[in-house]
Amino acid sequence: METITSVFTDVIWSPYAVGIGIGILSWLSFLISGKPIATSTTFARAGGMIEEMMMGKKAKQRPYYEKIKLMINWQWMLVIGVVIGSFISAILSGDFKVGVWVPSLWASAFGDSAFLRVIVAVLGGIILGFGARFAGGCTSGHGISGTLQLAVSSWISAIFFFVGGIIAAHVIYFVIA
Amino acid sequence: MKESEKEVTTKNTVESEDKRNLFYGLGFGIVFGFLLHKGGATKYDVILGQLLLIDYTVLKIMLSAAASGMIGVYTMKSMGWVKLSIKSGSVGMNVLGASIFGVGFAVLGYCPGTIAGAVGNGYLDAITGGVAGIVLGTWIFAIMYPALKDGILKKGFFGDITFPSLLKVNDWVAVVPAIILIILVLFWIEKAGF
């Protein structure tokens, strides 16, 4: 029987409940913090901070890091929060994965080598991180926060995220595999 | 109060407000991450399922978030409670850059928000290679930025426009059709059996 508590322990909610939840969360984010939900600049700040730790102050002088400013800010905390929130939901619903290196769909086409999957994840991550900063946003900043504000840049980006993604996914699973 | 004291007071207020805002950021993130996991969006299989057009979960989440978010944000804007925060754009950024992002999206199987969720969900390919790759990719962009910023990133520049400002109409003349269109697309996806 569905009870108040079982809602929190369910592994999956309706995508519409989740979507509307994120929509309402974005109202509060605009109202309370005056900011749209976004995540990808945090990865760029992290990269700059790592460079700063290894190479010293020079990193800060890169024009891009001067533009985005290397500091722990609201969005940094939001990304940390996403890790925590997902962890809480996963634990509550018994869905926390231990020792899973290879997603099952990947394994069905490319086998269960953790090494291959991690190498491809690094490669995909590089392309994704580069593309996110190139486009000025990601699936959260453009795809949700930008589209809900009817930003032209975000609607074009969201469409091309999927154009690029759908073509590449089909090449990976129907040509390469 | 002396001018210098006033300055200090303002500065302290700003700093404590910033600190409070960091906690709000954390709180918004926790709810966002919780919802992403409940939606299944922290999983490679769900994201690739969308890009292979066999599982429409990701699109359903994004479109229903956009429609519901739009209603509230534009209502609050018309009340004067909030200001929009529109990203400036260009053809180079939003066509070429976004297509590159899309390829990475398919190869990695997570995006910057959902990978944080995948980390919380325990997926080791995300925790190791995925996060490292994204950080590395942004760093490569930072190195190349001086060469890109006045070239390809400016190509076909159109700035921080919205559909209402582009069409020179009242906000609601664009918001209402956009929401109807999103609902129709969602109905069509459901009717097609996805």
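In this numbering scheme, every chain counts its residues from 1 along its sequence in written order. For naming, the first written chain is A and the first written ligand is 1, with later ones following in the order written. Residues qualify for local features only when their pLDDT is at least 70, as the model is predicted, and side-chain atom pairs are given and counted only at 80 or more; totals for whole chains, interfaces and linings, by contrast, use all residues. Side-chain numbers here rest on the full set of heavy atoms in the structure, without hydrogens or water.

Within chain A, the secondary structure is distributed over nine helices and zero strands. Dimensions along the principal axes, computed over C-alpha positions, put chain A at roughly 55 × 45 × 35 Å. The buried share of chain A, reckoned over its 177 residues, is 53%. Considering only intrachain contacts with a sequence separation of at least 6, the fraction spanning at least 24 residues in chain A is 51%. The charged-residue count follows a simple rule in which Lys and Arg add positive charge and Asp and Glu add negative charge, with His and chain termini not counted at all. The atoms used to mark charge sites are NZ of Lys, CZ of Arg, CG of Asp and CD of Glu. When the 11 positive and 7 negative side-chain charges of chain A are each reduced to one mean point, those points stand 16 Å apart. The secondary structure listing takes helices from DSSP runs of H or I that are at least 4 residues long and strands from runs of E that are at least 2 residues long, numbered from the N terminus. Each residue is placed in one exposure class: buried if its accessible area under a 1.4 Å probe, protein chains only, is under 20% of its type's maximum, exposed if it is over 50%, and partly exposed if it falls in between. Here, residues are in contact when the closest pair of their heavy atoms is within 4.5 Å.

This brings us to the domain arrangement of chain B. Split into domains, chain B comes out as domain 1 (1-39) and domain 2 (41-192). Each domain's extent is set by a domain assignment, obtained either automatically or from a database. The C-alpha-based centres of domain 1 of chain B and domain 2 of chain B are spaced at 25 Å.

All right, on to the side chain of Thr139 of chain A then. The topology assignment puts Thr139 of chain A in the loop between α7 (114-135) and α8 (141-148). Not counting residues up to four positions away in its chain, the partners in contact with Thr139 of chain A are Ile144 and Phe161 of chain A together with Met62, Phe101, Phe105, Cys111 and Pro112 of chain B.

Residue and element names in this part refer to chain A. Expected span of a helix, by definition, is 1.5 Å for each gap between consecutive residues, and there is one gap fewer than residues. Look at α7: 31 Å from first C-alpha to last across 22 residues, which is about the 32 Å you get at 1.5 Å a residue. Polar contact criterion, stated in full: a pair of N or O atoms within 3.5 Å, where within protein one must be able to donate a hydrogen and the other to accept it, and residues adjacent in sequence count only if both atoms are side-chain atoms. Where α7 starts, the residue carrying a side-chain oxygen 3.4 Å from the main-chain nitrogen of Phe115 turns out to be Ser113. Once α7 ends, the next one or two residues include Gly136, with phi positive near 75°.

Moving on, we come to the domain arrangement of chain A. Residues and elements named next belong to chain A. What the domain assignment reports for chain A is domain 1 (1-96) and domain 2 (99-177). In this structure, domain 1 and domain 2 have C-alpha centres spaced 18 Å apart. The buried area of a pairing is the accessible area, by a 1.4 Å probe, that goes missing from both parts when the two are put together, added over both. Summed over both partners, the interface of domain 1 with domain 2 comes to about 760 Å²; 59% of that surface belongs to carbon and sulfur atoms. Here, a salt bridge means any Lys or Arg side-chain nitrogen found within 4 Å of an Asp or Glu carboxyl oxygen. Remark: the boundary between domain 1 and domain 2 carries zero salt bridges. Counting across the interface, domain 1 meets domain 2 through five residue pairs in polar contact (both at pLDDT 80 or more). Elements with a contribution of two residues or more to the side of domain 1 that touches domain 2: α2 (15-33) and α3 (40-55). Lys, Arg, Asp and Glu make up the charged group, whereas Ala, Val, Leu, Ile, Met, Phe, Trp, Tyr, Cys and Pro make up the nonpolar group; the residues left over, Gly among them, are polar. Along the lines of polarity and charge, the residues of the side of domain 1 that touches domain 2 split into seven nonpolar, four polar and no charged.

Quick look at the interface of chain A and chain B now. On the side of chain B, 117 residues touch chain A, which itself brings 117 residues to the contact. Seen at the junction of chain A and chain B, the total is two salt bridges. A salt bridge links Asp125 of chain B to Arg117 of chain A; the shortest N-O distance between them is 2.8 Å. Seen at the junction of chain A and chain B, the total is 36 residue pairs in polar contact (both at pLDDT 80 or more). Tallied by class, residues from the side of chain A that touches chain B come to 72 nonpolar, 36 polar and nine charged.

Residue and element names in this part refer to chain A. For the structure shown, the criterion picks out eight salt bridges over all chains. Close ionic contact of Lys60 with Glu52 constitutes a salt bridge, the shortest N to O distance being 3.4 Å. By relative accessible area, Glu52 is classed as partly exposed at 22%. With a closest N to O distance of 3.1 Å, Lys97 and Asp95 form a salt bridge.

With that out of the way, let us pick up the environment of Val18 of chain A. Position of Val18 of chain A relative to the elements: it lies in helix α2. Between the C-alpha atom of Val18 of chain A and that of Leu105 of chain A, which follows or precedes it by 87 residues, the distance is 23 Å. Ignoring anything within four residues of it in the chain, the contact list for Val18 of chain A reads Trp13 of chain A together with Leu35, Lys38, Gly39 and Ile61 of chain B.

Turning our attention to the environment of Ala177 of chain A. All names here are of chain A. As for its placement among the helices and strands, Ala177 is situated in the segment after α9 (152-176). When its relative accessible area of 48% is taken as the criterion, Ala177 is described as partly exposed. Considering only alpha carbons, one finds Ala177 and Ala44, 133 residues apart in sequence, at a separation of 32 Å. In this view, Ala177 contacts Ala109, Phe110 and Ile172; residues no more than four positions away in its chain are not counted.

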